[in-house]
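So the chains spell out like this:
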Amino acid sequence: MLAAWLITTHGGSAHAAALGPCDIYGNTGTPCVAAHSTTRALYASYDGPLYDVARFSDSKVKKIGLLTTGGYANAAAQDAFCKNTVCMITRIYDQSPLHNDLTVEGSGGNGHADVGARADALPVVVDGHAVYGLLVFAGVGYRNDKTIGVATNGQPEGMYMVTSGTHVNGACCFDYGNAEVNNDDNGNGHMDAINFGTECWFAKCYGTGPWVQADMENGLFASNEGVSEDTANTGNTSPFVTALIKNNGQNAMAIKAGDATQGLLSTTFSGGEPVVNGGGYSPMHQEGAIVLGTGGDNSNGSIGSFFEGVMTAGFPTDATDNEVQANIVSVGYGGATGIVGNLKSNAEISLLTQSPCCQDYYLSHQGSASTAAVIAPVATGNATEAADATWIVRPGLANATCLSFEARNRPGDYLRHYNFQLMRESYDGTSQFEEDGTFCPVKGNDGSGKSFQSFNYPTKFIRDYNYNVYVAGDGGTNAWDTTIGFPNDSSWTVKAPLSP
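Criteria and thresholds
- Residues numbered from 1 in each chain as written.
- Predicted model: local features only at pLDDT ≥ 70, side-chain atom pairs only at ≥ 80, totals over all residues.
- Heavy atoms only, no water.
- Helix = DSSP H or I, 4+ residues; strand = E, 2+ residues; numbered from the N terminus.
- Polar contact = N/O pair within 3.5 Å; in protein donor to acceptor, adjacent residues only side chain to side chain.
- Disulfide = S-S within 2.5 Å.
- Buried < 20%, exposed > 50% of the residue type's maximum accessible area, 1.4 Å probe, protein only.
- Contact = heavy atoms within 4.5 Å.
- Pairing = 2+ DSSP bridges.
- pLDDT = per-residue confidence, 0-100.
- Salt bridge = Lys/Arg side-chain N within 4 Å of Asp/Glu carboxyl O.
- Axes fitted to C-alpha atoms, helices over the stretch in contact; angles between N-to-C directions.

Visitor: Explain the environment of Tyr160 to me, please; I cannot follow it from the model alone.
Guide: Residue position: Tyr160 is located in strand β11 (residues 157–163). Sequence separation of Tyr160 and Thr242 is 82 residues, and the distance between their C-alpha atoms is 6.9 Å. Looking at Tyr160, its side chain comes within polar contact range of the side chain of Glu308, at 2.5 Å.

As structure tokens, this is what we get:
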């Protein structure tokens with residue numbers, strides 16, 4: 001009766017909004033029992049709140065809803081409520097009729113009580129709308145241990161989340177899915193959750209990840225043997241990734257992954273339940289809690305990004321998986337902000353050095369890991385170089401009257417200085433990072449363009465020196481503090497983005 005009621009409650013398409021993922025699941029007999037997103041409605045008929053934000057300044061809480069029924073998050077409401085202070089996401093609403101909301105996770109068998117995510121740390125554009133994702137760093141986690149309708153004791157289920165392949169690590173465990181109700185490790189098969197990260201639990205893995213795997217407790221499974229059986233599965237490094245698993249609870253499971261902005265899902269495994277670790281996975285022993293950002297026992301050392309995710313009753317068909325992926329692709333995660341070539345909030349820019357040595361050299365990051373910033377030329381037609389030299393202007397992480405620079409092609413990664421060298425690194429939620437990653441624009445030190453003053457070292461400015469980039473003073477003990485060339489080397493021309 002539960003499944004039938006869920007289908008009829010949200011299964012129609014007589015609304016102005018297009019079908020959402022949960023409409024698709026419902027129409028094919030595997031209704032959503034949980035639907036979480038900070039970016040959009042997952043049913044065409046949904047018109048409730050997406051998440052709560054709490055202000056540090058006075059602890060007041062506001063529900064953040066939608067611009068229209070079945071539409072996108074009203075991020076402007078968050079911006080207004082959180083102006084001149086910092087807000088945290090304290091609740092993520094379940095859009096399904098079962099109301100399996102997620103709140104900040106308490107302590108567990110392998111982790112202290114968690115904290116909420118900073119509400120403005122992961123800005124993103126979806127279908128032309130500026131919204132916010134959920135940026136998880138170590139110690140952030142959400143959970144519901146008292147759910148309704150979520151699979152237990154070998155019942156079939158499916159789930160997906162949209163995440164990012166650029167904000168990951170190898171710590172345990174960036175999960176979304178079914179977990180234990182007591183926040184502890186209760187043995188094999190007591191979890192059934194998507195895991196996304198670079199941890200290779202059962203060697204062998206191919207490539208360097210991050211991989212979509214199944215956290216089924218006491219192991220991250222790439223197959224029923226644990227190890228990866230797909231030599232082509234070297235990882236999913238796209239800025240936006242669809243991660244999907246499904247399990248009939250008895251003798252079959254599948255793992256799929258794909259780029260959330262284009263193309264189809266790839267099946268990296270389809271077969272039986274795990275046969276390693278001494279068994280205990282067939283049948284499964286799910287307990288029905290929902291976890292986001294941590295492991296089942298609240299192992300909370302991971303980082304990750306979350307934009308949307310659902311869990312279903314029943315084992316979705318491959319055709320349904322494909323239809324849901326097409327829906328995700330259609331909304332256009334990571335689109336252009338529509339603001340270019342200036343220092344307004346959310347503008348996309350490239351920064352051209354004004355050093356006489358280096359005409360047509362741009363401030364850039366290079367490589368797939370956290371990396372030092374450089375100045376470098378951008379070859380015509382080289383999309384990778386253009387993307388690495390494109391930044392999004394964000395309100396300053398430490399002070400909203402100043403600026404922070406987010407990498408256009410790596411959501412959640414910002415420019416910050418470390419030992420005075422400018423780096424591109426994943427935001428970690430610390431006040432040190434926030435101060436190191438905040439810069440205040442002033443008139444260019446050479447009389448033109450712009451210079452960017454370090455928030456926590458106000459006598460130092462972003463400066464190129466020997467093709468690397470530092471925060472530097474006009475004179476000092478470090479080589480990059482030389483007065484020679486300082487006015488030009490610390491001045492920049494704000495240009496339209498090289499990568500649209």
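There's plenty left to go through after this.
Visitor: Can you help me understand the state of the cysteines in this one?
Guide: Each disulfide consists of one covalent bond between the sulfur atoms belonging to two cysteines. Applying the stated rule across the entire model yields six disulfides. Between the sulfur atoms of Cys22 and its disulfide mate Cys32 the distance is 2.2 Å. Because the sign of the S-S torsion sets the handedness, a value of about -100° for the bond joining Cys22 and Cys32 places this disulfide among the left-handed ones. Of this pair, Cys22 sits in helix α2 (residues 21–27) while Cys32 sits in strand β1 (residues 32–37); the two residues are 10 residues apart in sequence, bridging distant segments of the chain. Neither residue differs from the other here; Cys22 and Cys32 are each classed as buried. Put simply, Cys82 and Cys87 are joined by a disulfide, and their sulfur atoms are 2.1 Å apart. Negative torsions about the S-S bond denote left-handed disulfides, and the value of about -110° found for Cys82 with Cys87 makes this one left-handed. Residue Cys82 is classed as buried on the basis of its relative accessible area, which comes to 11%. For the protein, the bonded cysteines pair up as 1-2, 3-4, 5-6, 7-8, 9-10, 11-12 when numbered in the order they occur along the sequence.

Visitor: Looking at this structure, how should I read the side chain of His167?
Guide: Tracing the backbone through its elements, the reader meets His167 in the loop between β11 and β12 (175–179). One polar contact links the side chain of His167 to the main-chain carbonyl oxygen of Val136, over a distance of 3.0 Å. At 3.3 Å, the side chain of His167 forms a polar contact with the side chain of Ser426. Those residues in contact with His167, other than ones at most four positions away along the chain, are Leu135, Val136, Ile303, Gly304, Ser305, Pro411, Asp413, Ser426 and Tyr427.

Visitor: How should I be thinking about the pairing of β1 in this particular structure?
Guide: Put simply, side chains in a regular strand alternate between the two faces of the sheet. Counting buried positions along β1 gives six out of six residues, so the element sits mostly inside the fold. Bridge analysis of β1 against strand β21 (residues 308–313) gives five bridges, and the strand direction is antiparallel. Each residue of the ladder has a partner; that of Ala35, found in β21, is Val310.

Visitor: I tried to follow the confidence of the model for the protein on my own but got confused; where do I start?
Guide: Should pLDDT be low for a region, the predicted coordinates there are not to be read in detail. Residue-level pLDDT values for the protein average 94, and 96% of them are 70 or greater. Taken as a whole, residues 1–16 scores under 50 in pLDDT and shows 25 contacts with residues more than four places along the chain or in a different chain.

Visitor: Please clarify how the pattern of salt bridges should be interpreted in this entry.
Guide: Following the criterion strictly, the structure yields 20 salt bridges and no others. Between Asp413 and Arg410 there is a salt bridge, with its nearest N and O atoms 3.0 Å apart. Both residues of the pair, Asp413 and Arg410, belong to the buried class. One salt-bridge network, held together by shared partners, links Lys246, Lys256, Asp318 and Asp321.

Visitor: Hey, could you run me through the sheet that holds strand β16 (residues 241–247) in this one?
Guide: Strand pairing within a sheet occurs via backbone hydrogen bonds; the two strands may be parallel or antiparallel. Spatially, the six strands line up as an open sheet ordered β1-β21-β11-β16-β17-β18, and their pairing is antiparallel. The open sheet has two free edges, formed respectively by β1 and β18 (266–271), since each of these has just one partner strand. Strand after strand, the sheet turns through a mean of 5° between neighbouring axes, direction not considered. Direction of pairing for β11 relative to β21: antiparallel, over a ladder of six bridges. Bridging from a neighbouring strand, Met161 pairs with Gly309 of β21. In this fold helix α4 (residues 318–330) packs onto β11, β16, β17 (253–259) and β21, with an angle of close to 160° to the strand it touches most, β16.

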